[in-house]
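As a plain string of letters, each chain reads:
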Amino acid sequence: MSAALVIDGHPDARSLTAALARRYAEAHGDARLLALRDLAFDPILRYGYRERMTLEPDLVEAREALHAARTVVVATPLWWGSVPALLKGFFDRSLLPQQEYRYRRSGLPEGLLTAPHGRLLLLADTPWYFRPLTGLPGQTHVARATMRFCGIRDVRTTRMLGVKDASPARIEGWLDRAARLGASDGARDAKTPTPAQASPVPAPASA
């Protein structure tokens, strides 16, 4: 398994989000790039948590990579204050109770992923000066309420705002930054022990 898992949550392979994810993964040196648009899975959690859906092979493989990674990176645009339906559906289907998180008797959540490091590459057409008004809820959703909630302890966010009006030079600067982050994380991950797993990641049975 690769040391880093880079999740590209954009439906379009031609997007800047996809280019940033590729640049990071290439610079890391031991990263798997998981483009969700290339996976075959139903993104709708059709029964909530009342009834389990059988995991498609692509989701089984993705969850194994998620549990083995030392660094988990999510690259996503900000759409309507949140993330694309494709990425939200991946979270809904692949992050499951008793598998990636559980609740203690006290009612407090406990994350079950073992990656010590995470990154969120967040893009938005929203200009930087709108941030105090919008609060970037997508950042809270992914970094805090998803990645940290599931056990990824140190999640750092890189924001690229004003994408719609960004100059070619600024876009190239963002791509170079993604490469620098990938190279830095790759050097760190090479020195980080692989997360210990007592047993293979269990696949939830269908109800």
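Up top is the structure these notes are about.
Residues numbered from 1 in each chain as written. Predicted model: local features only at pLDDT ≥ 70, side-chain atom pairs only at ≥ 80, totals over all residues. Heavy atoms only, no water.

## Some words on the pattern of salt bridges
Piece 1. Taken as a whole and assessed by the stated rule, the structure comprises 16 salt bridges.
Piece 2. In this structure, Asp-176 and Arg-23 form a salt bridge, with 3.4 Å as the shortest nitrogen-oxygen distance. Of the two residues, Asp-176 is situated in helix H6 (residues 168-189) and Arg-23 in helix H1 (residues 16-28); the sequence distance between them amounts to 153 residues.
Piece 3. Among the ionic pairs, Arg-119 bridges to Asp-185, the shortest N-O distance being 2.6 Å. Within this pair, whereas Arg-119 is found in strand S6 (residues 117-124), its partner Asp-185 is found in helix H6, the two being separated by 66 residues in sequence. (Salt bridge = Lys/Arg side-chain N within 4 Å of Asp/Glu carboxyl O. Helix = DSSP H or I, 4+ residues; strand = E, 2+ residues; numbered from the N terminus.)

## Concerning the packing of H1 against H6
Piece 1. Running from N to C, H1 and H6 cross one another at 35°; their axes reach a closest spacing of 7 Å. Crossing angle aside, the handedness with which H1 passes H6 is right-handed.
Piece 2. Across the contact of H1 with H6, the residue classes tally to 12 nonpolar, three polar and five charged. (Axes fitted to C-alpha atoms, helices over the stretch in contact; angles between N-to-C directions. Left-handed = near helix turned anticlockwise from the far one by under 90°. Nonpolar A, V, L, I, M, F, W, Y, C, P; charged D, E, K, R; others polar.)

## Section: the packing of aromatic side chains
Piece 1. One pass over the structure, following the stated rule, counts five aromatic pairs.
Piece 2. Centroid distance Tyr-101 to Tyr-103: 6.1 Å. Interplanar angle 85°. Geometry classified as edge-to-face.
Piece 3. Look at Tyr-103 and Phe-149: their rings are 6.2 Å apart centre to centre, the planes differ by 65°, and that puts the pair in the edge-to-face class. Here Tyr-103, found in strand S4 (residues 101-103), pairs with Phe-149, found in the loop between helix H5 (137-148) and strand S7 (154-161); they are 46 residues apart in sequence, far enough to count as distant.
Piece 4. Judged by its relative accessible area of 25%, Phe-149 falls in the partly exposed class.
Piece 5. The structure contains a cluster of three or more aromatic residues connected by ring pairs, namely Phe-41, Phe-90 and Phe-91. (Phe/Tyr/Trp six-rings, centres within 6.5 Å; stacked < 30°, edge-to-face > 60°. Buried < 20%, exposed > 50% of the residue type's maximum accessible area, 1.4 Å probe, protein only.)

## Description of the nonpolar core
Piece 1. By size, the foremost hydrophobic cluster in this structure holds 36 residues, and its most contacted members are Ile-7, Leu-34, Leu-36, Val-72, Val-74 and Phe-90.
Piece 2. Only strand S1 (4-8), helix H2 (57-68), strand S3 (71-77), helix H3 (85-94), S6, H5 and S7 provide two or more residues apiece to this core.
Piece 3. Apart from residues no more than four positions distant in its own chain, Phe-90 is found in contact with Ile-7, Leu-34, Leu-36, Leu-39, Phe-41, Leu-59, Ala-62 and Leu-95.
Piece 4. Counting residues in hydrophobic clusters, the runner-up holds 18 residues, among them Val-73, Ala-75, Leu-123 and Leu-175. (Core = buried A, V, L, I, M, F, W, Y, C linked by side-chain atoms within 4.5 Å. Contact = heavy atoms within 4.5 Å.)

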